[in-house]
Amino acid sequence: MHNTLKLTVSHAPFWHNGSSISSKSRNILLASLLAVIPGCLQYGPAAVGVVTLAIASAVIWELLINFISRRPISVGDGNAALIGMMFAMMLPATTPWWAVVTGTFFAVVIGKEIFGGIGANPFNPAVLAMTIVMLSWGDLFDFNAALLNYSFDFNAVYPLVLSKSFGALPAESFVLTDLLLGKQIGGIGATFGIGLIAGGVYLMLRGYIRWEISISFLAGIFASALFFNILNPELYAGPGFHLLTGYTLIGAFFLATEDSSSPVNFIPMLIYGLLGGALTVMIRNIGTHIDGVLYAILIINLVNPIVDKIRPKALGKGV
Amino acid sequence: MIKRSFFGLVKPKLQYEIIDEAQAEPVSIKASKQIMLYIDQSLENTGNALLKTGDPVKAGQKIAMTDSVDYLLSSKSGQISKISTFVGIMGKKFTSVTIDVDSESSQTVDESFKNVCQTPSLENARDFLAGLPGQPDFNGFFDMDKPVKAIVVLGVDDDLLSTTNQYFVKNNIIAIKTGVDLLCKITGISNAILIVPQHLEQVAGSSGAIVKTVDSEYPSAHPELIMQHILASEDGKSKSKSGIAFFSAEAVCAIGAAYNTGKLPLEKIVTFVSKNGNKQLVSVPIGTPIQDILNKFNETLNDGDRVILGGPMKGISAFSAEYPVLPDTDAIIIQDKNQITERSDTACINCGECVRVCPANIQVNQLIRFLEAGQYEEAADQNDLFSCIECGFCSYVCESRIPVFQHIKLAKHTLESMKAAEESNA
Ligand code: SF4
Ligand code: SF4
């Protein structure tokens, strides 16, 4: 008889589109390699060391937390590795090992796990960690000083420092195509513009990041930089410069788009992105900090729950 | 199974099945030995059961435990061999009645409907026809608070893969016309609307009803959405189900045939989808165990396989292949063990896929947090739980593979039974 047959019984729906967190993480990691590999070629073994250490330590921190809190092992979803990678991309290749390891601790443990793990973090964990380490050990992340021992065939001055201290004129010494090709100093995975853009476009097309956020973030940068530039062309660099320097591109494609800390509705995503872009340029141009991307992202992360309330009425509700 | 497309920039689309020539003619299948009927009554409340084991039944006889409006019709004559309780989804209790079927040659037919069929009326429709294939529901016409203003015939299939209702529009539009005319006559309602997929618009024209089309993307053929998008323009903004009586095309055909011939048609058309994805329309007596259909197609079941009654998005999965074809079983789908995607208990990562696909504009990413925490009242008050039309799309796309739809159903069920308990205490 058929009584012994054990059928699978479960609730509808019986189909799934096959997406998963791990495939998302895998694809974002893959896309980030487009920027990280050129970075590693530029900065050599030290950069490779920082990247691998960041990823490994992020995974280990998450494992440790899994054990301590007696929760199922969650590193398989690739999210911890991704956080490690994002963090490493922002670091200079010279970052000492202890700063990398504490950084990933801040990212994984403080940035994500204490809020309840994946999906519950109000801030982008990597951005939060980066901000903390920058505030704590600022000297390490002064790119000019940090990368002093490298010799480059291009102007080895952190572009944003130049524009901050000397206005728009020196900024013009950077040719935009050079910036795109990574001929500037900066974070390991944050300078190779073409790679970041290619990775970003890939992720947008495949739907792993929400294109509305990236595009509006860049639009926000462009518009506000243009505004400042028109206001005072001597003092403020043009939009092209702002788009291709500092953490702009990595911010637009990899950081602001982090799932948990960004909105999911259309108009909120646009507001979120535009605000992020505008804040970035404002901080760069009139604030005290050199780059504004990290603070801008933390601020938009903070307002995310509020803006995401703007949405169409549910079926059968309201007028 | 339709997978996520390579490009994910636009929101995912699921297309309804379109009936094609090859599968148009249903294969007829007989009930081998037994039929089984699940009646929406629990055994415990039936002190004076109308039926008991050993009773003979005739084909077309009403099978009910009490004198209520819930009954099924026996598709064959035979003898009741077993009456037991069947526990369905969310712990709902049914009475399961098993009938050992008489041989084909000695089938006897119940004549009570024949005696009234000359004078069609809403009353005898409710008393005799609610067990027809397609499960027509006449109760709405008896609700004096919400008078029915329009009859809507669904010539569309409400879930993926099924072509059952399209079959009737495509091959039996005359029968639909007969049924619609009859329904209009007995209800006194002249406003009949036939909903069909775009590719059947031409054919549908000869039904005499007002024809409206829905597009081919899931879940646009959902009755709730049909009301919102298609009927709202007809009749101002009708926000609730009140005022509209829905019938499936199959039910309408059956009603027409019943009154015209005096015989109750009790063969159900089912879209059968085998493990390898072959689709075939079959015609089976209501109550036939699924196993009989499997035998016909040499389909074998192994441990871990899944038997689905209804479509892949909204159906239910059966505990065994003894589960019968019921009046509302439009499709039967067999899934192999390795076609099944495991669900997980990972938390929501806020990817927003569900929000993009939800036809009811629910913030599923917020809702699921309350549901997982068991905060059902907050979910209903602040997160539009009851706006959900139960299409299952959110679960289909969920990147964390959360059984979102199951959470929603459980929450609704819990709140509704709490409310019912409160009312009975008051
Ligand atoms: S089942 Fe999910 S997608 Fe469908 S209406 Fe309900 S919440 Fe929205
Ligand atoms: S699809 Fe799943 S993981 Fe994504 S937001 Fe919706 S519930 Fe959360």
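Reading the values: rules and limits
Residues numbered from 1 in each chain as written. Chains lettered and ligands numbered in written order. Predicted model: local features only at pLDDT ≥ 70, side-chain atom pairs only at ≥ 80, totals over all residues. Heavy atoms only, no water. Buried < 20%, exposed > 50% of the residue type's maximum accessible area, 1.4 Å probe, protein only. Helix = DSSP H or I, 4+ residues; strand = E, 2+ residues; numbered from the N terminus. Pairing = 2+ DSSP bridges. Near = heavy atom within 4 Å. Nonpolar A, V, L, I, M, F, W, Y, C, P; charged D, E, K, R; others polar. Phe/Tyr/Trp six-rings, centres within 6.5 Å; stacked < 30°, edge-to-face > 60°. Lys NZ or Arg CZ within 6 Å of the ring centre and 35° of its normal. Axes fitted to C-alpha atoms, helices over the stretch in contact; angles between N-to-C directions. Contact = heavy atoms within 4.5 Å. Buried area = accessible area lost by both parts, 1.4 Å probe. Salt bridge = Lys/Arg side-chain N within 4 Å of Asp/Glu carboxyl O. Polar contact = N/O pair within 3.5 Å; in protein donor to acceptor, adjacent residues only side chain to side chain. Parallel < 35°, antiparallel > 145°, perpendicular 65-115°, else oblique. Left-handed = near helix turned anticlockwise from the far one by under 90°. Bend = angle between axes of the 7 residues up to and from the residue. Domains from an automatic or database assignment.

Draft legend 1. Representation of the pairing of strand β7 (residues 93-101) of chain B within the structure. All names here are of chain B. Among the 9 residues of β7, 7 are classified as buried, and the element is accordingly described as predominantly covered. Two strands pair when backbone bridges link them, and strand β2 (residues 34-39) and β7 are joined in this way by 6 bridges, in the antiparallel orientation. Its bridge partner lying in β7, M36 is registered against T98. In this structure, strand β6 (residues 78-87) lies alongside β7, joined through 9 bridges in antiparallel fashion. Its bridge partner being in β7, G78 is matched across the sheet by V101. Counting the residues between successive antiparallel strands, the hairpin from β6 to β7 contains 5 residues, one of them, M90, with a positive phi of roughly 60°.

Draft legend 2. Quick peek at the site of ligand 1. With respect to spatial proximity, 13 residues lie near ligand 1, and among them C358, C388, C391, G392 and C394 of chain B are the closest. The residue inventory of the shell around ligand 1, partitioned by class, reads 11 nonpolar, 1 polar and 1 charged.

Draft legend 3. Expanded view of the site of ligand 2. Around ligand 2, the structure places C348, I349, N350, C351, G352, C354, N365, I368, C398, E399 and S400 of chain B. Across the shell around ligand 2, the residue classes tally to 6 nonpolar, 4 polar and 1 charged.

Draft legend 4. Representation of the packing of aromatic side chains. On inspection of all chains with the given rule, the structure shows 25 aromatic pairs over all chains. Ring centres of Y150 of chain A and F152 of chain A lie 5.7 Å apart, and the angle between their planes is 15°; on these two criteria the pair is classed as stacked. Put simply, the rings of Y43, Y150, F152 and F154 of chain A touch in pairs and so form one group of aromatic residues. The residue whose ring lies beneath K62 of chain B is F128 of chain B, and the NZ or CZ to ring-centre distance is 5.6 Å. Lying over the aromatic face of F142 of chain B, R126 of chain B brings its terminal NZ or CZ to 3.7 Å of the ring centre.

Draft legend 5. Expanded view of the sheet that holds strand β11 (residues 244-248) of chain B. All names here are of chain B. As summarised here, the arrangement of the 4 strands in space is β10-β9-β8-β11, forming an open sheet in which the pairing is parallel. Across the chains shown, the open sheet's two edge strands, defined by having one partner strand only, are β10 (210-214) and β11. With strand direction ignored, the average angle separating the axes of adjacent strands in the sheet is 25°. Relative to β11, strand β8 (residues 150-154) runs parallel, the two being bridged by 5 bridges. For V152, the partnering residue across the bridge sits in β11 and is F246. The sheet contacts of helix α4 (residues 173-187) involve β8, β9 (192-197) and β11, and relative to β8 the element is tilted by about 160°. Contacts between helix α7 (residues 249-261) and the sheet are confined to β8 and β11, with β11 contributing the most and set at about 85° to the helix.

Draft legend 6. Region of interest: the interface of chain B and chain A. Counting residues at the interface gives 70 residues for chain B, matched by 42 residues for chain A. Both faces considered, chain B and chain A share a buried interface measuring about 5100 Å² in area, 56% of it formed by carbon and sulfur atoms. Run the count over chain B and chain A and you get 2 salt bridges. A salt bridge links E399 of chain B to K24 of chain A, with the shortest nitrogen-to-oxygen separation between them at 2.8 Å. Taken together, the connections running from chain B to chain A amount to 28 residue pairs in polar contact (both at pLDDT 80 or more). Class assignment of the residues belonging to the side of chain B that touches chain A gives a composition of 32 nonpolar, 22 polar and 16 charged.

Draft legend 7. Layout of the packing of helix α5 (residues 125-136) of chain A against helix α15 (residues 293-307) of chain A. Residue and element names in this part refer to chain A. One way to put it is that α5 packs onto α15 with a least axis distance of 10 Å and a crossing angle of 130°. Looking at the two axes, α5 sits oblique to α15. In this structure, α5 meets α15 at a crossing whose hand is left-handed. Judged by residue contacts, V127, L128, M130, T131, M134 and L135 of α5 engage L294, Y295, I297 and L298 from α15. By residue class, the composition of the contact of α5 with α15 is 9 nonpolar, 1 polar and no charged.

Draft legend 8. Structural detail: α15 of chain A. All names here are of chain A. Its axis deflected by about 30° at N301, α15 carries its strongest bend there, up to four residues before the proline P305. Taken as a whole, α15 has its buried residues at V293, L294, A296, I297, L298, I300, N301, N304 and V307. In this fold, the buried residues of α15 make contact with α3 (79-90), α5, α11 (211-231), α13 (248-255) and α14 (266-286).

Draft legend 9. Structural view of the domain arrangement of chain A. Residues and elements named next belong to chain A. We note that the domain assignment places domain 1 (21-140) and domain 2 (161-184 + 200-307) within chain A. A separation of 22 Å is found between the C-alpha centroids of domain 1 and domain 2. Across the contact, 24 residues belong to domain 1 and 20 residues belong to domain 2. Both sides together, the interface formed by domain 1 and domain 2 hides about 2000 Å², and carbon and sulfur atoms give 65% of it. Inspection of the region where domain 1 meets domain 2 yields 1 salt bridge.

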